[in-house]
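Understanding the architecture of this molecule
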Amino acid sequence: MTTEFKSAYGFERRDVTLANWRTAPFSHWSFQNLREMVPTAEIRATAEQPETALESSLLLGAPLDTGVADAKTARAFLDYAHTDAFVMMKGGTIIAEHYAPHCHVNARHIVFSISKSLTALVSGILEGQGAIDPDRPVTDYLPEAKGSVYGDCSFRDVLDMRVSLDFEEAYLDKMGAFARYRRATLWNPAEPGTPSETLLEFLLTLKKADRAHGGRFYYASPNSDLLGILIERASGRRYVDLFSDLLWKPLGAKNHALVSVDGAGSARSAGGVCVTARDLARVGQMLLDGGTAGGRQVVPAAWVEDMKTAGDPEAWKQAGPTFLPNGRYRSKWYQSGEADGAFCAIGIHGQWLYVDPSTETVIVKLSSQPNPLDDELKHDNFAFFRAMCRAAA
């Protein structure tokens, strides 16, 4: 007998496990249902206001040079690129929207490393309130970090991924430090005979590499999980309450968000946030509008301007980028370095928030891309976003 679930997803719910939830085809379901896989905490909007998707968009069906031979329209590209949800806004109005058959407008989709960029916004608000000074040492906020890699770096080093960390971001690692990291976040099953540890316990075991802090850009997710802990220590408040009261409610989000938590309740601020595509687009619009939403200043305008302009291009170049050769990285946001001033937040498995100030366009693309990284598809996506912005100009 074929169940309703299998008809929708092609497999049974019982087939999805903690060991396979980030792999295809199971990710088609699990990326929108994280709370059934791992512990989560709710980030509340002012009130839930379920939304209705646009019925159609001529822009998605019109001929478009996507750069992909077999994708002659935007809709064809979205299918090619494993898209679950796509929202495009211009001037604050949604002009195109698309959902895969297994997704819908009110689905809270995991955004992976876009979580880092959202957490940084909360940090920026606290900075504007005087609760955080990014030039101070991490140990001023987290004394127990002494003796770890974070014992002699600054808050700014954490924000800009310029911590000298002896750690490899190996997404397919099954046995090493990255797998241990995933177990600490409760994203991977426990290994028999392996001691359990909390996220913070894991972070405090990390060691420094053979170089100074504050040098080249070095992408490492543990820095952003530490950021979630740092903002809790600096404010004396829970991560989810900070996110809700400082960002989500003032933004005017229509759906509650989620974040995964470890065994001690620490938020997976580097990758565990789940939001709807439309609410994520509202974040992009808020940044496009200088940190304002609904007539109020949500994120300080000075912080937004610093994020868009102050990244160190030399630190980026020293990392030998294969993506955004003219780019920069500041406060967990990517600056394209292109003449249009585009900036973005990116997550593995094909999560994007792309903002083009030159055309006043915001694009969100949430995906269940089988390969976590797929550098070729990353370039395809970036070119597609630029083509869509030109088409909507």
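Residues numbered from 1 in each chain as written. Predicted model: local features only at pLDDT ≥ 70, side-chain atom pairs only at ≥ 80, totals over all residues. Heavy atoms only, no water.

**Comments concerning the overall build of the protein**
- For the protein, the helix and strand inventory stands at 14 helices and 13 strands.
- By the compact-globule yardstick of 21 Å for 393 residues, the protein fits well, its C-alpha radius of gyration being 20 Å.
- Expressed along its principal axes, the backbone C-alpha trace of the protein runs to roughly 55 × 55 × 40 Å.
- Among the 393 residues that make up the protein, the fraction classed as buried is 57%.
- Looking at the protein alone, contacts between residues at least 24 apart form 66% of all its contacts between residues at least 6 apart.
- Total accessible area on the protein stands at roughly 15500 Å², and carbon and sulfur atoms take up 49% of it. (Helix = DSSP H or I, 4+ residues; strand = E, 2+ residues; numbered from the N terminus. Rg over C-alpha atoms; globule rule 2.2 N^0.38 Å. Buried < 20%, exposed > 50% of the residue type's maximum accessible area, 1.4 Å probe, protein only. Contact = heavy atoms within 4.5 Å. Areas by Shrake-Rupley, 256 points an atom, 1.4 Å probe, with all protein chains shown as cover.)

**A closer look at the sheet that holds strand E1 (residues 40-43)**
- Read from one edge to the other, the open sheet built from four strands follows the order E1-E5-E6-E4, with strand pairing classed as antiparallel. Sheet topology places E1 and strand E4 (109-110) at the edges, where each strand pairs with a single neighbour.
- Inspection of the sheet shows E1 paired to strand E5 (residues 257-260) by four bridges, in the antiparallel sense. Paired with Glu42 across the bridge in E5 is Leu258.
- In this fold helix H10 (residues 239-251) packs onto E1, E5 and strand E6 (273-275), with an angle of close to 25° to the strand it touches most, E1. (Pairing = 2+ DSSP bridges. Axes fitted to C-alpha atoms, helices over the stretch in contact; angles between N-to-C directions.)

**With respect to the nonpolar core**
- If you look at the biggest cluster of nonpolar residues, it comprises 84 residues, and the most contacted ones within it are Leu121, Tyr150, Trp248, Met286 and Leu353.
- The biggest single contributor to this core is H10, with eight residues.
- Two domains each donate at least three residues to this core, and these are domain 1 (3-123 + 228-392) and domain 2 (124-227).
- Excluding residues that lie within four positions of it along the chain, Tyr150 makes contacts with Val138, Thr139, Ala145, Val158, Val163, Leu165, Leu203, Leu206, Pro222, Asn223 and Leu226. (Core = buried A, V, L, I, M, F, W, Y, C linked by side-chain atoms within 4.5 Å. Domains from an automatic or database assignment.)

**Description of empty space enclosed by the protein**
- Per the stated rule, a full pass over the model turns up two cavities of 30 Å³ or more.
- Looking at the second largest cavity, its volume works out to about 40 Å³.
- As for the second largest cavity, its lining consists of Asp160, Arg162, Phe217, Asp312, Ala315, Trp316 and Tyr329.
- Among the residues making up the lining of the second largest cavity, the classes are represented as four nonpolar, no polar and three charged.
- Composition of the lining of the second largest cavity by domain shows at least three residues from each of domain 1 (3-123 + 228-392) and domain 2 (124-227). (1 Å grid on protein atoms, 1.4 Å probe; cavity = no way out; pocket = protein on both sides within 12 Å on 5 of 7 lines; lining within 4 Å. Points joined across faces, edges and corners; volume = space filled by probe spheres on them. Nonpolar A, V, L, I, M, F, W, Y, C, P; charged D, E, K, R; others polar.)

**Quick notes on the domain arrangement of the protein**
- Per the domain assignment, the segments making up the protein are domain 1 (3-123 + 228-392) and domain 2 (124-227).
- Relative to domain 2, the C-alpha centre of domain 1 lies at a distance of 22 Å.
- Listed per partner, the contact involves 54 residues of domain 1 and 44 residues of domain 2.
- On the domain 1 side of the contact with domain 2, Ser123, Leu230 and Arg268 bury the most area, a combined 18% of that side's loss.
- Linking domain 1 with domain 2 are four salt bridges, by the criterion used here.
- Between Arg330 and Asp160 there is a salt bridge, and its shortest N-O distance comes to 2.9 Å.
- The interface formed by domain 1 and domain 2 holds 40 residue pairs in polar contact (both at pLDDT 80 or more) in total. (Buried area = accessible area lost by both parts, 1.4 Å probe. Salt bridge = Lys/Arg side-chain N within 4 Å of Asp/Glu carboxyl O. Polar contact = N/O pair within 3.5 Å; in protein donor to acceptor, adjacent residues only side chain to side chain.)

**Some details on the layout of surface pockets**
- Empty space within the largest pocket amounts to approximately 710 Å³.
- If you go around the largest pocket, you meet 28 residues; those closest to its centre are Phe217, Tyr219, Tyr334, Leu373 and Lys378.
- For the lining of the largest pocket, the elements supplying multiple residues, two or more each, are strand E11 (343-347) and helix H14 (375-392).
- No other element matches the three residues that H14 contributes to the lining of the largest pocket.
- Of the residues assigned to the lining of the largest pocket, the class counts are 14 nonpolar, eight polar and six charged.
- In this structure, the lining of the largest pocket is formed jointly by two domains, domain 1 (3-123 + 228-392) and domain 2 (124-227), each of which donates at least three residues.

**Thoughts on the sheet that holds strand E10 (residues 333-335)**
- The sheet built from seven strands is open, its strands ordered E3-E2-E13-E12-E11-E10-E9 with antiparallel pairing. Sheet topology places strand E3 (93-99) and strand E9 (328-330) at the edges, where each strand pairs with a single neighbour. Across the sheet, the mean angle separating the axes of adjacent strands is 15° when strand polarity is ignored.
- Here E9 runs beside E10; their pairing, made up of three bridges, is antiparallel. When the sheet's bridge partners are listed, Tyr329 is paired in E10 with Tyr334.
- Running over the sheet, helix H5 (residues 114-128) touches E10, E11 and strand E12 (351-356) and is turned about 125° from E11.

**Looking at the packing of H5 against helix H9 (residues 222-235)**
- Direction vectors running N to C along H5 and H9 enclose 25°, while the axes themselves pass 10 Å from each other. What the angle tells us is that H5 and H9 run roughly parallel. Remark: the crossing between H5 and H9 carries left-handed chirality. Facing Lys116, Thr119, Ala120, Val122, Ser123 and Leu126 of H5, the residues of H9 in contact are Ser224, Leu227, Gly228, Ile231 and Ser235.
- Residue composition of the contact of H5 with H9, grouped by class: five nonpolar, five polar and one charged. (Parallel < 35°, antiparallel > 145°, perpendicular 65-115°, else oblique. Left-handed = near helix turned anticlockwise from the far one by under 90°.)

**Quick notes on the pairing of E3**
- In the sheet, strand E2 (residues 83-90) pairs with E3 via six bridges, with the strands oriented antiparallel. Opposite Met89, over in E3, you have Ile94 as the bridge partner.
- Hairpin connection of E2 to E3: two residues between the antiparallel strands, including Gly91 at a positive phi of 60°.

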